Amino acid sequence: MDGRIQGKGMAKVLFRKDDDLSNIKAKGGEGEMGDKIEVAALHHFYRGLSELVGVESMLKIYQQYKGMQMTIPTHLYDRKLAAEKVRKEYNGQNQQELARKYGYSQKWIRQVTRENGNPNHNKELF
């Protein structure tokens, strides 16, 4: 599997296929040069990442994203997509459950469900 996600009729590749990573001998902790990875000598970011996800996964992430500036979003779920889910799943009594499930505040859940109940909420008053 190559880590594709589907959306709006298109597929976006998040990670390369294992075949595409043939220059990384990740099994057994081997690196691009065919030598064993010296975890103690890794940049602190990659050392921490390898401790979190393992050397093989760290090398895949390194190969895919090396040199890029990345910002990791605070929320796991996309705001608009989560709002759609909340509107569908809201039953009038599960604000706290939905807030925990999607990682947003109960106040945000109330706003989303209020907007859903009032179709004129977003219209300008002018």
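For every chain, the first residue of the written sequence is number 1, and numbering continues from 1 along that sequence. With pLDDT at 70 or above as the cut-off, local features in this predicted model cover only qualifying residues; side-chain atom pairs require 80 or more to be listed or tallied, and sums for whole chains, interfaces and linings still use all residues. Processing note: side-chain calculations cover all non-hydrogen atoms of the structure and skip hydrogens and water entirely.

### Topic: the environment of N91
Strands are runs of DSSP state E lasting at least 2 residues, helices are runs of H or I lasting at least 4, and numbering of each runs from the N terminus. Secondary-structure assignment places N91 in the loop between α3 (79-89) and α4 (95-102). Owing to a relative accessible area of 55%, N91 belongs among the exposed residues under this scheme. As a C-alpha pair, N91 and T113 span 22 residues in sequence and 9.7 Å in three-dimensional space. At 2.8 Å, the side chain of N91 and the backbone nitrogen of Q93 are in polar contact. Burial status follows relative accessibility: with a 1.4 Å probe on protein chains alone, a residue under 20% of its type maximum counts as buried, one over 50% as exposed, and anything between as partly exposed. Counted as a polar contact is a pair of N or O atoms within 3.5 Å, where, for protein atoms, one must be capable of donating a hydrogen and the other of accepting one, and residues adjacent in sequence contribute only when both atoms are in side chains.

### Things to note about the confidence of the model for the chain
Note: pLDDT gives the predictor's confidence per residue, expressed from 0 to 100. Looking at the chain as a whole, the pLDDT averages 76, with 63% of positions reaching at least 70. Only heavy atoms enter the contact rule, under which two residues are in contact if any of them lie within 4.5 Å. Here residues 1-29 is a poorly scored stretch, pLDDT under 50, and it has 45 contacts once near neighbours within four places are set aside; other chains count. Counting interchain partners and residues more than four positions distant, the pLDDT-below-50 stretch residues 118-126 has two contacts.

### Remarks on the nonpolar core
Take the buried Ala, Val, Leu, Ile, Met, Phe, Trp, Tyr and Cys residues and link them wherever side-chain atoms come within 4.5 Å; each set so joined is a nonpolar core. Listed in full, the 10 residues of the largest apolar core are A82, A83, V86, L98, A99, Y102, Y104, W108, I109 and V112. Listed by contribution, the elements that provide at least two residues to this core are α3, α4 and α5 (106-117). With residues up to four places along the chain from it excluded, the contact list for Y102 reads Y77, A82, K85, V86 and E89.

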